[in-house]
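Coordinate analysis (summary)
Okay, here's what each chain looks like letter by letter:
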Amino acid sequence: ATAELGPRTRLSRRTPRCGYAPAPMEATIRHTFDTDQDTYWSKVFFSRDYNTRLFSEALGFGYEILKFEEDPDGVRRRKVRIEPKAELPGFMKKLIGDGIQYTEEGSFDPAKKLWSYKVATSKLSEKIVISGTFFAEPKGEKKIDRVCVLNVNVKIPLVGGSVEEFIIRTTRES
């Protein structure tokens, strides 16, 4: 099944697996940037200053870089802790309380120009599985679409799908 969740976001459920666990929800989220691929990766995605200003100042999130490594071959690894400032729906407050933070850990393949990551939530981490990839598609001179393919699987009966949609919506908005 496929559904729309706002402009430039496509949601789909993968084919259900055998057993009780629900199939993960996948979303493809696109944002346009007026830059080329190389500048996007070096001056936006991996810029400490840009990300600190984006998360801390523009979005009002708690943001901390826990680890950043770059190999001579261009492979980069980063681990960040983020505390989003989203207003949680009532059912989610009952599950996790007033707030949540998460740790994102990923690596960049310079040959493919692909960021792959996993997210560990501070609460219910055994029931909430989030992973994905980012890549940039050229859309003309000095213009790209940053594409995020997000996989979310929330293994909580009755409300898992609603939590998945909330995670995808807040990811799209940030």
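All values reported here derive from a predicted model rather than from experimental measurement.

1. Considering the nonpolar core
Among the nonpolar cores identified, the biggest contains 37 residues, and Tyr40, Trp41, Trp115 and Leu150 are the most heavily contacted of them. Considering each element in turn, this core owes the most residues, five residues, to strand S9 (residues 144-154).

2. Quick notes on the pattern of salt bridges
Should their charged atoms come close, side chains of opposite charge can pair. In total, this model carries 14 salt bridges according to the counting rule given. Residue Lys143 pairs with Asp34 through a salt bridge whose shortest N-O separation is 3.4 Å. Taken together, the positions of Lys143 in the loop between strand S8 (128-138) and S9 and Asp34 in the loop between strand S3 (25-33) and helix H1 (37-45) put the pair 109 residues apart, joining distant regions of the chain. Judged by its relative accessible area of 65%, Asp34 is exposed. Between Glu105 and Lys67 there is a salt bridge; the shortest N-O distance is 3.4 Å.

3. A look at H1
Those residues of H1 that fall on the buried side of the exposure criterion are Gln37, Tyr40, Trp41, Val44 and Phe45. All buried residues of H1 lie within an arc of 115 degrees about the axis, which places them on one face of the element. N-capping of H1 is provided by Asp36, with a side-chain oxygen placed 3.1 Å from the backbone N of Asp38.

What counts, and where the lines are drawn
Numbers given to residues run from 1 along each chain, matching the order in which its sequence is written. Local features are withheld for residues below a pLDDT of 70 in this predicted model, meaning they are given only at 70 or higher, and side-chain atom pairs are given and counted only at 80 or more; totals for whole chains, interfaces and linings count all residues. Only hydrogens and water are removed before side-chain values are computed, so all heavy atoms of the structure are retained for them. Within this scheme, the nonpolar core is defined by two criteria: the residues are buried Ala, Val, Leu, Ile, Met, Phe, Trp, Tyr or Cys, and they are joined through side-chain atoms within 4.5 Å. Residue burial is assigned from relative accessible area. The probe radius is 1.4 Å, only protein chains are included, and a residue is buried under 20% of its type maximum, exposed over 50%, and partly exposed in between. Starting at the N terminus, helices and strands are each numbered in turn, a helix being any DSSP run of H or I of at least four residues and a strand any DSSP run of E of at least two. Salt bridges, as used here, are contacts in which a Lys or Arg side-chain nitrogen is within 4 Å of a carboxyl oxygen on Asp or Glu. In this description, one arc is meant: the one made by directions from the helix axis to the C-beta atoms. N or O atoms closer than or at 3.5 Å make up a polar contact, with two conditions inside protein: a donor-capable atom paired with an acceptor-capable one, and, for residues adjacent in sequence, both atoms drawn from side chains.

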